[in-house]
Amino acid sequence: MDMEQVNSMDFGEFVDVFGNVIERCPLIAAAVWSQRPFSGLEDLEKHFSAFIDALPQSGQEGILRCHPDLAGRELQRGTLTAESQREQSSAGLTSLGAEERLQLAELNARYRARFGFPFVLAARLRDRDAVLRELARRLHRPPAQELRTALGEVKKIGRLRLADLLGGDPARL
Ligand SMILES: NC(=O)NC1=NC(=O)NC1=O
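To keep things clear, this report deals only with the structure shown in the data block. Computed from a predicted model, the values in this text were never measured in an experiment.

Further remarks concern the nonpolar core. Soluble globular proteins: nonpolar side chains tend toward being buried together. Phe14, Phe18, Ile22, Leu44 and Phe48 are the most contacted members of the largest nonpolar core, which totals 48 residues. Looking at this core, the elements with two or more residues in it are helix 1 (3-8), helix 2 (11-18), helix 3 (26-33), helix 4 (41-54), helix 5 (57-65), helix 8 (98-115), helix 9 (128-138) and helix 10 (143-166). Broken down by element, the residue count for this core peaks at eight residues, all from helix 10. If sequence neighbours within four positions are ignored, phenylalanine 18 has contacts with Met1, Val6, Met9, Ala29, Leu44, Phe48, Leu162, Leu165 and Leu166.

Okay, here's the thing in structure tokens:
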């Protein structure tokens, strides 16, 4: 898909295509559409990020709460979005042993209890050991710092999903 196609999309087409760039937050694509025309992948990504940055903290935490846990119930039940399913399986989270899954579930629960939102990380860029390591490490971060880190991961996930949609090379973003 090239930028001419993107810039000629009506609202419905744009949200159909880009509605899950930020997991389960089609509102963001709906808002970004009105910023068209876009000069390229980075310009699109900049508008998605700017929308997130402009939200009040309650809105930013709401975005995080729209993310399914890593290797959580939704993965077990098969109710993840296609993008999440791909990302979580690429990090090896679909083939965890019972012990590892339990450990991750326990850390996720502690993280959510401490911060009030789920642990979010761009799973496609990590393997399962890194997920556990990152979760254990970030669990003790000050809340304000952790909110910024988590939103940074949301943006990384969004950038990778945009690159998939536009056929770009994520490494070159
Ligand atoms: N809690 C999460 O980090 N979820 C996810 N990260 C990804 O990269 N895909 C997800 O579903």
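From this point, things continue past the structure.
Another point: the packing of aromatic side chains. Each aromatic ring pair is summarised here by two numbers: the centre-to-centre distance and the angle between the ring planes. According to the stated counting rule, one finds seven aromatic pairs in the structure shown. Residues tyrosine 111 and phenylalanine 115 carry aromatic rings whose centres are separated by 4.5 Å and whose planes lie at 50° to one another, so their mutual orientation is tilted. In this pair, tyrosine 111 and phenylalanine 115 both sit in helix 8, four residues apart, roughly one turn of the helix. Here tyrosine 111 and phenylalanine 115 have matching classes, each one buried. With a centroid separation of 5.3 Å and 75° between ring planes, the pair formed by tyrosine 111 and phenylalanine 119 is classed as edge-to-face. Between the NZ or CZ atom of arginine 36 and the centre of the ring of tryptophan 33, over which it lies, the distance is 3.6 Å.

Turning our attention to helix 7 (residues 82-90). Restricting attention to buried positions, one finds in helix 7 the residues Ser84, Glu87 and Gln88. An end-on view of helix 7 places all buried positions within 95° of arc, on one side of the element.

Residues in close proximity to the ligand include Pro68, Leu70, Ser84, Glu87, Gln88, Phe119, Val120, Leu121, Ala122, Ala123 and Ile157, which together make up its full environment. Take proline 68: an N or O atom from its main chain is 2.8 Å from a nitrogen atom of the ligand. Interatomic distance of 2.8 Å between a backbone N/O atom of phenylalanine 119 and a nitrogen atom of the ligand. Considered on its own, the ligand offers 290 Å² of accessible surface; in the complex 99% of this is hidden by protein. With respect to the detected pockets, the ligand is housed in the largest cavity. The element that contributes the greatest number of residues to the shell around the ligand is helix 7, accounting for three residues.

Reading guide: rules and limits
Residues numbered from 1 in each chain as written. Predicted model: local features only at pLDDT ≥ 70, side-chain atom pairs only at ≥ 80, totals over all residues. Heavy atoms only, no water. Core = buried A, V, L, I, M, F, W, Y, C linked by side-chain atoms within 4.5 Å. Buried < 20%, exposed > 50% of the residue type's maximum accessible area, 1.4 Å probe, protein only. Helix = DSSP H or I, 4+ residues; strand = E, 2+ residues; numbered from the N terminus. Contact = heavy atoms within 4.5 Å. Phe/Tyr/Trp six-rings, centres within 6.5 Å; stacked < 30°, edge-to-face > 60°. Lys NZ or Arg CZ within 6 Å of the ring centre and 35° of its normal. Arc of directions from axis to C-beta. Near = heavy atom within 4 Å. Polar contact = N/O pair within 3.5 Å; in protein donor to acceptor, adjacent residues only side chain to side chain. Areas by Shrake-Rupley, 256 points an atom, 1.4 Å probe, with all protein chains shown as cover. 1 Å grid on protein atoms, 1.4 Å probe; cavity = no way out; pocket = protein on both sides within 12 Å on 5 of 7 lines; lining within 4 Å. Sits in = over half its atoms within 2 Å of the grid points.

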